[in-house]
Amino acid sequence: MALRIYPFTGSASVALRLGRSLALSVSGLAGSLLGNAVIFLLIASSVRPAEFGLFAKSYACVSLITLIVDFGYQQRILHELVEFQERFGGLPTRILHLKLVLAGLCLTIALPAIILLDLEPAIVVLVAIGLLTMSFGHVGGATLRATGRHGRDSTHLLIANIAGASFAAALAALEIASVVLFSCSFVIIGFIYLVLSGSTFISLMPLVREKFSAAALTDEFRKGLSFGSDAIVVRSYGVVDVLVLSIFASPTAIGIYQVGQKLMQMILPAAQVLTNVTLPLLSRRFRRAGPSDLTLGALIAVLGLASLIAYGVFTIGSNLVLTYFLDKDFETVRMLLPLFAMTVAMRIWAVAPSLWLIAAGVQKIRLIANAVSLAVFIGLLFFLVPSGGARGAALATAIAGVWSFISYAAGTRFFGCFRNPSIRKDSSSAIAAPDE
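### Section: helix α6 (residues 150-173)
Right, so step 1: Between the first and last C-alpha of α6 there are 33 Å, a value that for 24 residues agrees with the 34 Å anticipated at 1.5 Å per step.
Right, so step 2: Turning to α6, its buried residues number three or more, namely His150, Gly151, Asp153, Ser154, His156, Leu157, Ala160, Asn161, Gly164, Ala165, Ala168 and Leu171.

Below you can see the structure in the form of structure tokens.
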């Protein structure tokens, strides 16, 4: 079935569609929460902090390696689906070919990592399978979101994650304290999401078949490198801190820190919801009329308010979880909460200038800002963790959140030096799906 093309309509219609899309994406957010943070908390409630810390280290290492396979397609498809359609008539299979090659590279890296970092092989294998299948599923999911079908992707996420979380909850209810069995939850989520998103995507958009060719892979790699590099840099937050902490701290300290981090990550996906819904809209508007400083100011104001709300919600919610859900062994997490709350607020506020940069077609500026921010973050970790342990890592995370907002905001002022010539002041139509 061909996608329908809709011209840009009035502001009232856009506002209505945006509000509806945001509401639909919230259900997907709820599913994502079940799929990661809640499962982590179920594991934490079932095992000792030291065992949870060992699991967290293995998961963090696999997450960092599998970022290579994602290669930024979740954002790239949101921003460039129109270009893919104009050039290929649909989504080309070179995307899947490149991801397969990167998956092979990922597995090659994982083997020595198991030995060098003293990871649990069974956990590494199961988590890798889960994250890789999710990565391939996100190609279809990003396409659905880019065409306005947020409800369908949210439904897929919700079904997959309810299944995985239910499995983890059953293990917890049966008092089965096996982190290997809990890791099977991620395999369940990945496979179900891949099947659902893949089958729906194929029914909506042509998958243009190509021969497996080195020239096509090289071209695709080159065109997606800025998005892929940026995604690796951005999503390294929440992973490198655990790995650095594992160098200087005990497994128990890692477990304490990871609980606080996962509580934080229960609300941070709100930033992804805002990106999923707003980025395609902004990209089409900027392609039609050019970037606007007024839009940037509005984004900063609205998301500034959202960040304050997130700060309060996180503080209240995380204290309730610690009080009524986790054992007293994790009570020391409470002293880290103010730092994580600051991180949540700054990360959500930073979405404003970040979205503007991507929609304006200056991904290179965002990549530079993120690379510098990650370097600062790693430097802070090695400075603060040896003496501060988990608290030092939390403090580094909070400072990095502030730095990220400043870097993005500064990047918008250098926009003219990097402006992408593909941004035109024309009357290009926008691809959009009917309201669901």
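Okay, back to it.
### What about the packing of helix α10 (residues 251-265) against helix α12 (residues 293-324)?
Right, so step 1: In the contact formed by α10 and α12, the axes pass within 10 Å of each other and the chain directions differ by 135°. With respect to α12, the axis of α10 lies oblique. By crossing handedness, the relation of α10 to α12 is classed as right-handed. Note on element contacts: α12 touches α10 through Phe314, Ser318, Val321 and Leu322, opposite Val259, Leu263 and Met264.
Right, so step 2: Its residues assigned to classes, the contact of α10 with α12 comprises six nonpolar, one polar and no charged.

### Let's talk about the nonpolar core
Right, so step 1: With 123 residues, the main nonpolar core has Phe52, Phe55, Leu91, Val259, Leu263 and Phe314 as its most contacted residues.
Right, so step 2: It is helix α14 (residues 363-413) that contributes the most residues to this core, 16 residues altogether.
Right, so step 3: Leucine 263 has contacts with Leu41, Phe314, Ser318, Val321, Leu322, Val333 and Leu337, leaving out every residue within four places of it along the chain.

### Structural notes on the packing of aromatic side chains
Right, so step 1: Enumeration according to the criterion identifies 13 aromatic pairs in this entry.
Right, so step 2: Between phenylalanine 40 and tyrosine 59, the aromatic rings sit 4.9 Å apart at their centres with planes inclined by 85°, giving edge-to-face as the arrangement. Linking phenylalanine 40 in helix α1 (residues 11-46) with tyrosine 59 in helix α2 (residues 49-70), this pair joins segments that are 19 residues apart in sequence. For the residue pair phenylalanine 40 and tyrosine 59, the accessibility class agrees, reading buried in each case.
Right, so step 3: Linked through ring pairs, Phe40, Phe52, Phe55, Tyr59, Phe186 and Phe330 together constitute an aromatic cluster.
Right, so step 4: Above the face of the phenylalanine 136 ring, lysine 99 is positioned so that its terminal group lies 5.3 Å from the ring centre.

### Some thoughts on the environment of isoleucine 247
Right, so step 1: Locating isoleucine 247 in the fold gives a position in helix α9 (residues 240-248).
Right, so step 2: On the accessibility criterion, isoleucine 247 (56% relative accessible area) is exposed.
Right, so step 3: Through-space distance from the C-alpha of isoleucine 247 to that of phenylalanine 382 is 9.7 Å; in sequence the pair is 135 residues apart.

### With respect to helix α8 (residues 214-235)
Right, so step 1: Within α8, the axis deviates most sharply at glycine 224, by approximately 55°.
Right, so step 2: Listed in full, the buried residues belonging to α8 are Ala216, Leu217, Asp219, Glu220, Gly224, Ser226, Phe227, Gly228, Asp230, Ala231 and Val233.
Right, so step 3: Against the buried residues of α8 lie α3 (73-88), α4 (94-116), α13 (337-359) and α14.
Right, so step 4: Backbone nitrogen of alanine 215 and a side-chain oxygen of the N-cap are separated by 3.3 Å at the start of α8; the cap is serine 213.

### Observations concerning the environment of phenylalanine 330
Right, so step 1: Within the secondary structure, phenylalanine 330 sits in the loop between α12 and α13.
Right, so step 2: Residues phenylalanine 330 and proline 49, 281 residues apart in the sequence, show an inter-C-alpha distance of 7.4 Å.
Right, so step 3: If near-sequence neighbours (up to four positions away) are discounted, phenylalanine 330 is found in contact with Ala44, Pro49, Phe52, Gly255, Ile256, Val259 and Leu322.

### Structural notes on the packing of α6 against helix α7 (residues 179-204)
Right, so step 1: Between α6 and α7, whose axes approach to 8 Å, the crossing angle comes to 160°. Comparing the axis directions of α6 and α7 gives the class roughly antiparallel. For the element pair α6 and α7, the recorded crossing hand is right-handed.
Right, so step 2: Tallied by class, residues from the contact of α6 with α7 come to 17 nonpolar, six polar and two charged.

### Considerations on unusual backbone geometry
As a rule of thumb, non-glycine residues mostly have phi less than zero, and peptide bonds are mostly trans rather than cis.
Right, so step 1: In this model, glutamate 175 sits at a positive phi of 60°, which is unusual for a non-glycine residue.
Right, so step 2: Along the chain, glutamate 175 falls in the loop between α6 and α7.

### A short note on the confidence of the model for the protein
Right, so step 1: On average, residues of the protein score 79 in pLDDT, and 85% of them are at 70 or above.
Right, so step 2: Segment residues 1-10: pLDDT under 50, and 27 contacts once partners within four positions in sequence are set aside and those in other chains are kept.

### Remarks on the environment of valine 333
Right, so step 1: Its location among the elements puts valine 333 in the loop between α12 and α13.
Right, so step 2: Placed 80 residues apart in sequence, valine 333 and alanine 253 show a C-alpha to C-alpha distance of 9.7 Å.
Right, so step 3: In contact with valine 333, not counting residues within four places along its chain, are Ile256, Val259, Gly260, Leu263 and Leu322.

Reading the values: rules and limits
Residues numbered from 1 in each chain as written. Predicted model: local features only at pLDDT ≥ 70, side-chain atom pairs only at ≥ 80, totals over all residues. Heavy atoms only, no water. Helix = DSSP H or I, 4+ residues; strand = E, 2+ residues; numbered from the N terminus. Expected span 1.5 Å × (residues − 1). Buried < 20%, exposed > 50% of the residue type's maximum accessible area, 1.4 Å probe, protein only. Axes fitted to C-alpha atoms, helices over the stretch in contact; angles between N-to-C directions. Parallel < 35°, antiparallel > 145°, perpendicular 65-115°, else oblique. Left-handed = near helix turned anticlockwise from the far one by under 90°. Contact = heavy atoms within 4.5 Å. Nonpolar A, V, L, I, M, F, W, Y, C, P; charged D, E, K, R; others polar. Core = buried A, V, L, I, M, F, W, Y, C linked by side-chain atoms within 4.5 Å. Phe/Tyr/Trp six-rings, centres within 6.5 Å; stacked < 30°, edge-to-face > 60°. Lys NZ or Arg CZ within 6 Å of the ring centre and 35° of its normal. Bend = angle between axes of the 7 residues up to and from the residue. Polar contact = N/O pair within 3.5 Å; in protein donor to acceptor, adjacent residues only side chain to side chain. pLDDT = per-residue confidence, 0-100.

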